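Spelled out, the chains give:
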Amino acid sequence: NGLRIVAPDAHASPAVTTIALPPEAASTRVGRELERRGYELSYLSGYLIERNWIQVCLMGEHTCEELAGLPRVMAEVART
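Report on the accompanying structure. (Residues numbered from 1 in each chain as written. Predicted model: local features only at pLDDT ≥ 70, side-chain atom pairs only at ≥ 80, totals over all residues. Heavy atoms only, no water.)

### As for the pairing of strand β3 (residues 53-57)
Most of β3 sits inside the fold, with four of its five residues counted as buried. In this sheet, β3 lies alongside strand β2 (residues 16-20) in antiparallel orientation, the contact comprising five bridges. Within the sheet, the bridge partner assigned to I19 lies in β3 and is I54. (Buried < 20%, exposed > 50% of the residue type's maximum accessible area, 1.4 Å probe, protein only. Helix = DSSP H or I, 4+ residues; strand = E, 2+ residues; numbered from the N terminus. Pairing = 2+ DSSP bridges.)

What follows is the structure in structure tokens.
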């Protein structure tokens, strides 16, 4: 979908996924829009803003159905 996961597979965690956004997609704008659409991601920490990153943190019970649309919505929001 055009977005890059920051951690290489050897160091990746299934609980926290950090995504580097393209320069034209400000992480704060993308994070706010994802919240508006029902997805609460981490994006307000100073180090995330500085790097233009967002984080998906799966720290609870989530179904595949709840998460199935997230990659598509994230890519859509990053392009607008």
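### Section: helix α4 (residues 70-79)
Looking only at α4, the buried set comprises L70, V73, M74, A75, V77 and A78. Packing partners of the buried residues in α4 comprise β2, α1 (27-36), β3 and α3 (64-67). (Contact = heavy atoms within 4.5 Å.)

### Notes on the nonpolar core
With 16 residues, the main nonpolar core has I19, L21, V30, L34, L41, I54 and M74 as its most contacted residues. Of all the secondary structure elements, the ones that give two or more residues to this core are α1, β3 and α4. (Core = buried A, V, L, I, M, F, W, Y, C linked by side-chain atoms within 4.5 Å.)

### Section: the packing of aromatic side chains
For the coordinates displayed, the defined rule picks out zero aromatic pairs. Here the guanidinium or amino end of R51 rests over the ring plane of W53, the centre of that ring lying 5.5 Å away. (Phe/Tyr/Trp six-rings, centres within 6.5 Å; stacked < 30°, edge-to-face > 60°. Lys NZ or Arg CZ within 6 Å of the ring centre and 35° of its normal.)

### Considering α1
Buried within α1 are the following residues: S27, V30, G31, E33 and L34. All buried residues of α1 fall inside an arc of 165° around its axis, so they share one side. If you follow the buried residues of α1, they end up packed against α2 (46-51), β3 and α4. (Arc of directions from axis to C-beta.)

### Observations concerning the pairing of β2
Direction of pairing for strand β1 (residues 4-5) relative to β2: antiparallel, over a ladder of two bridges. Within β2, the residue paired with I5 across the bridge is I19.

### Focus: the sheet that holds β2
Ordered by their spatial adjacency, three strands build an open sheet running β1-β2-β3, and the pairing between neighbours is antiparallel. Of all strands in the sheet, those bounded by a partner on one side alone are β1 and β3.

That's the geometry; what it means functionally is another story.
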